[in-house]
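Close look at the chain arrangement
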Amino acid sequence: MRPDFIPFALPDIGEDEIAEVVDSLRTGWITSGPKTQRFEQDMAAFLGGSLYCVAVSSATAALHIALEAVGIRAEDEVITTTHTFTGTAEVISHFGAHPRFVDINPATLCIDPRAVEAAITPRTRAVLPVHYGGMSCDMDAILAIAARHKLRVIEDAAHAIPATYHGKLIGTLGSDATVFSFYATKPVATGEGGMLITRDPALAKRARIMRLHGIDRDAFDRHTAGCSSWRYDVVAPGYNYSLSDLAASLGIHQLRRAWELHKGRTAIAGRYDAAFRDLPVQLPPRPQNADLHAWHLYVVRLNPDAPVDRDTFIQRLNDAGVGCSVHYIPLHLQKYWRETYSLRAEEFPHSQSAYERAVSLPIYTRMTEKQQEQVVATVRSILKRG
Ligand SMILES: *Cc1c(COP(=O)(O)O)cnc(C)c1O
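In this text the structure is predicted, and so the values were computed from the model without any measurement.

1. Let's talk about the packing of helix H1 (residues 15-27) against helix H9 (residues 245-256)
Running from N to C, H1 and H9 cross one another at 150°; their axes reach a closest spacing of 8 Å. In terms of their interaxial angle, H1 and H9 are classed as roughly antiparallel. The two elements H1 and H9 cross, and the hand of that crossing is right-handed. Between H1 and H9, the contacting residues are Asp-16, Glu-17, Glu-20, Val-21, Ser-24 and Leu-25 on the first element and Asp-245, Leu-246, Ser-249, Leu-250, His-253, Gln-254 and Arg-256 on the second. Residue composition of the contact of H1 with H9, by class: four nonpolar, four polar and five charged.

As structure tokens, then:
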């Protein structure tokens, strides 16, 4: 790779993050412990308090234990979007349950609430919307549909910290659970990591048990005092989904800097908006009124009259030293999902069309002025008409 290549994504790890990890290494507490607890408390405070935060090893793990905690069973159906990462859907299959994929609204690139309602059957138990790119879904519509049909709602907010809907932070909207990802490329990054957010104490308790092998420590903590910490009871076949204190050390400072990092990404989005306005592309959707976009992704869609097709555009960006990606190759095109559920692209015209035209451009706070200029100049030189 050429030395001046602009990567698609890079985490912004500061000296505080590094010092916190070193501190954990020196104390010797490198698995889940005091830092993880602090990260959970900090997240609760970040979201305005009075909710439960359960840190786990990934967002996929958080989705898995959220579905377990709301009681998803074999042959149940969970409605989700085809326009997502496979982690959103794979956890549904772990129960012998079935994802029911629906199309997106092309104006938002998020799950279409009307398609959700149309996909409900007597077996439907839950809806799993994805706040695509860091912009909230139409949550009023989704929560209303769920209330009407007695469905649980688990939000895949892997991209959406911090983002708002009707002025409220994602994570506080009143669904059964919200899940954040701290994967290396996400807005708050710990390498690997995730968190489940809920207002439901019973759901939080079950999630805490299931992330630690189904071990119920509280039962003994309550009944035994002091020296009996070797006692525990296994109440379910759980998972090993703990977050390490090394990851939590990063998370504590990444979360403290979340608004600063958000400001940096928002500035880059604004710059791209201004620079690409006259090009034959559709700029990323943005929230209505004054709501905040987390700007995890900046996705442009090439217009039919663009001088190059999507694949050529990506090739030219790469040749010019600009990293990019595509979010997502929709699940209806992925072998396992396509074959298991006999999915056809014609069932998902909006996702299919968005996929065929979409390119995600680099948007992260470690991009220098010069790198931002290079992205702008490269995109403009490839797409300017004539
Ligand atoms: C990254 C991502 C996930 C999975 O997150 P992990 O923390 O890597 O498990 C799930 N859903 C979406 C939409 C994602 O982008």
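2. A word on the environment of Phe-348
Counting through the fold element by element, Phe-348 comes out in the loop between helix H12 (335-340) and helix H13 (349-357). C-alpha of Phe-348 to C-alpha of Thr-82: the two residues are 266 residues apart in sequence and 7.7 Å apart in space. Dropping the residues within four chain positions of it, Phe-348 is found in contact with Thr-82, Phe-101, Val-102, Asp-103, His-332 and Leu-343.

3. Re empty space enclosed by the protein
Applying the stated criterion to the full structure yields three cavities of 30 Å³ or more. Within this model, the largest cavity holds a volume of roughly 210 Å³. Lining the largest cavity we find 21 residues, and of these Leu-10, Thr-185, Lys-186, Ile-363 and Tyr-364 sit closest to its centre. Within the lining of the largest cavity, the residues separate by chemical class into 14 nonpolar, four polar and three charged. Volume-wise, the second largest cavity comes out at about 70 Å³. In terms of lining, the second largest cavity is formed by Thr-108, Leu-109, Tyr-132, Gly-133, Met-135, Pro-284, Pro-285, His-293, Leu-297 and Val-299. Grouping the constituent residues of the lining of the second largest cavity by class yields seven nonpolar, three polar and no charged.

4. Brief notes about the sheet that holds strand S12 (residues 281-282)
Judged by pairing direction, the sheet is antiparallel, and its three strands sit side by side in the order S12-S13-S14 without closing on themselves. Two strands close off the open sheet at either side, each with one partner strand: S12 and strand S14 (358-361). Of the pairings in the sheet, the one linking S12 to strand S13 (residues 298-302) comprises two bridges and is antiparallel in character. Bridging from a neighbouring strand, Gln-282 pairs with Arg-301 of S13. Across the sheet, helix H10 (residues 258-276) is in contact with S12, S13 and S14; its angle to S13 comes to roughly 20°.

5. What to know about helix H3 (residues 59-69)
The buried fraction of H3 amounts to nine of the 11 residues, a majority that puts the element mostly inside the structure. Residues of H3 that are buried: Ala-59, Ala-61, Ala-62, Leu-63, His-64, Ile-65, Ala-66, Leu-67 and Glu-68. Taking the backbone nitrogen of Thr-60 as reference, a side-chain oxygen 3.3 Å away marks Ser-58 as the first, capping residue of H3. In the stretch just after H3, Gly-71 is the one whose phi turns positive, near 85°.

6. With respect to the site of the ligand
Thr-60, Asp-156, His-159, Ser-181 and Lys-186 are the nearest of the 15 residues found near the ligand. Here a nitrogen atom of the ligand sits 2.7 Å away from a polar atom, N or O, in the side chain of Asp-156. Between Lys-186 and the ligand, the recorded distance is 2.9 Å, taken from a side-chain N or O atom to an oxygen atom. Relative to its free-state accessible area of 380 Å², the ligand is covered by the protein chains to the extent of 92%. For the ligand, the cavity whose grid points lie within 2 Å of the majority of its atoms is the second largest pocket. Counted by class, the shell around the ligand contains six nonpolar, seven polar and two charged residues.

7. Describing the layout of surface pockets
By volume, the largest pocket is sized at about 750 Å³. Lining the largest pocket are 24 residues; nearest its centre among them are Gln-37, Arg-208, Arg-211, Leu-212 and Arg-217. Those elements that provide at least two residues to the lining of the largest pocket are helix H2 (34-46), strand S1 (52-56), helix H7 (201-211), strand S10 (215-216) and helix H8 (217-223). The dominant element in the lining of the largest pocket, judged by the number of residues it contributes, is H2, at six residues. Across the lining of the largest pocket, the residue classes tally to nine nonpolar, seven polar and eight charged. There is about 400 Å³ of room inside the second largest pocket. Forming the walls of the second largest pocket are 22 residues, and the residues nearest its centre are Phe-85, Ser-181, Tyr-183, Lys-186 and Tyr-328. Secondary structure elements with two or more residues in the lining of the second largest pocket: H3 and helix H4 (86-93).

8. Comments concerning the pattern of salt bridges
Under the defined criterion, the tally for this structure stands at 25 salt bridges. One continuous salt-bridge network, built from bridges that share partners, spans Asp-12, Glu-17, Arg-257 and Glu-260.

Criteria and cut-off values
- Residues numbered from 1 in each chain as written.
- Predicted model: local features only at pLDDT ≥ 70, side-chain atom pairs only at ≥ 80, totals over all residues.
- Heavy atoms only, no water.
- Axes fitted to C-alpha atoms, helices over the stretch in contact; angles between N-to-C directions.
- Helix = DSSP H or I, 4+ residues; strand = E, 2+ residues; numbered from the N terminus.
- Parallel < 35°, antiparallel > 145°, perpendicular 65-115°, else oblique.
- Left-handed = near helix turned anticlockwise from the far one by under 90°.
- Contact = heavy atoms within 4.5 Å.
- Nonpolar A, V, L, I, M, F, W, Y, C, P; charged D, E, K, R; others polar.
- 1 Å grid on protein atoms, 1.4 Å probe; cavity = no way out; pocket = protein on both sides within 12 Å on 5 of 7 lines; lining within 4 Å.
- Points joined across faces, edges and corners; volume = space filled by probe spheres on them.
- Pairing = 2+ DSSP bridges.
- Buried < 20%, exposed > 50% of the residue type's maximum accessible area, 1.4 Å probe, protein only.
- Polar contact = N/O pair within 3.5 Å; in protein donor to acceptor, adjacent residues only side chain to side chain.
- Near = heavy atom within 4 Å.
- Areas by Shrake-Rupley, 256 points an atom, 1.4 Å probe, with all protein chains shown as cover.
- Sits in = over half its atoms within 2 Å of the grid points.
- Salt bridge = Lys/Arg side-chain N within 4 Å of Asp/Glu carboxyl O.

Bear in mind that shape data such as this cannot, by itself, settle questions of function.
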